[in-house]
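Below, each chain spelled out in residue letters.
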Amino acid sequence: SMILSAINKFSFLFGYFVFYRTMNMKSHEDLEPFLKKISLFWAKEKIPSDEKITINIQVIGMGNTMMAGTLNVDKNSNALSVLKIIAAKNGKEVEGSDYYVSGIGGLKEKQHGPMSGWMYSVNGVAPNMAAIKYNLKDGDKVVWYYVNYE
């Protein structure tokens, strides 16, 4: 199994590390790059989710594009996490909870009529679920848009 092979690799590396240490008792500086290599190797083995996907995102306020961009994000990203990333890049705040976005960049729900607020779509379709639950795929186009039924 994958876990077993990871453990075998780790014990081999660990053995090698002990051997390396006894061969080179010179200094700690000597060990640092080696330790870094081991930990990087180990991290790669353990987490296959360090794969990236490319997402296109646009945030549209009252008829104008507030922010837009192409993001290289983790494979397990969702429609909310990418909004937070683009907002942070633009120095804007996302308000609300994990399950409901009430404001983006100071533009809030109910500011322009009782029914006004934020919605999102992925590839032109508005999913009927919380953005945090919507897992994105490579190449997805996410649009957050402000609706206003005044």
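Everything in this summary refers to the structure shown in the same document. (Residues numbered from 1 in each chain as written. Predicted model: local features only at pLDDT ≥ 70, side-chain atom pairs only at ≥ 80, totals over all residues. Heavy atoms only, no water.)

## A look at the nonpolar core
Our working rule: We define a nonpolar core as any set of buried Ala, Val, Leu, Ile, Met, Phe, Trp, Tyr and Cys residues linked to one another through side-chain atoms lying within 4.5 Å. Burial status follows relative accessibility: with a 1.4 Å probe on protein chains alone, a residue under 20% of its type maximum counts as buried, one over 50% as exposed, and anything between as partly exposed. Secondary structure elements are taken from DSSP: a helix is a run of H or I of four residues or more, a strand is a run of E of two residues or more, and numbering for both begins at the N terminus. Should any heavy atoms of two residues lie within 4.5 Å, those residues are considered in contact.
By size, the foremost hydrophobic cluster in this structure holds 25 residues, and its most contacted members are Leu83 and Trp144. Of all the secondary structure elements, the ones that give two or more residues to this core are β1 (52-60), β2 (65-74), α3 (79-89), β4 (101-104), β6 (117-122) and β7 (141-147). Among the elements that take part in this core, α3 stands out by supplying 6 residues, more than any other. For Leu83, the residues in contact, after removing those within four places along its chain, are Ile57, Val59, Val94, Val101, Ile104 and Trp144.

## Description of α3
Stated formally: In this description, the arc belongs to the directions extending from the helix axis to the C-beta atoms.
Among all positions of α3, only Ala79, Leu80, Val82, Leu83, Ile86 and Ala87 are buried. Each buried residue of α3 lies within a common arc of 165 degrees when the element is viewed along its axis, so the set occupies one face. Turned more than 90 degrees away from the buried face of α3, the exposed residues are Ala88 and Lys89. Those residues of α3 that are buried lie in contact with β1, β2, β3 (94-96), β4, β6 and β7. Just downstream of α3, Gly91 is the residue with a positive phi angle, here 65 degrees.

## Brief notes about unusual backbone geometry
Positioned with a positive phi, Lys110 is a non-glycine residue whose angle comes to about 65 degrees. Inspection of the secondary structure puts Lys110 in the loop between β5 (107-108) and β6. The exposed category is assigned to Lys110, whose relative accessible area is 53%. At Asn123, a position not held by glycine, the phi torsion is positive, near 55 degrees. Relative to the elements of secondary structure, Asn123 occurs in the loop between β6 and β7.

## What about the pairing of β6?
The two faces of a sheet get side chains in turn, since along a regular strand they alternate between them. What counts here: Here, strands pair whenever DSSP counts at least two bridges between them.
With respect to burial, β6 is a largely interior element, 5 of its 6 residues being buried. Both β6 and β7 contribute to a ladder of 6 bridges, which runs antiparallel. If you follow Met119 over to β7, its bridge partner there is Tyr145.

## Section: the sheet that holds β4
The strand order β3-β4-β5 describes an open sheet built from 3 strands, whose pairing is antiparallel. Whereas interior strands pair on both sides, the edge strands pair on one side only; in this sheet they are β3 and β5. Pairing of β3 with β4, which is carried by 3 bridges, proceeds in the antiparallel orientation. Considered in β4, the bridge of Gly96 is made with Val101.

## Structural notes on the pairing of β2
Looking at chain direction, β1 and β2 are connected through 9 bridges and run antiparallel. Counted as the bridge partner of Ile55 is Leu71 from β2. Linking β1 to β2, which pair antiparallel, is a turn of 4 residues; within it Gly63 sits at a positive phi near 80 degrees.

Any functional reading would require information beyond the geometric quantities listed.
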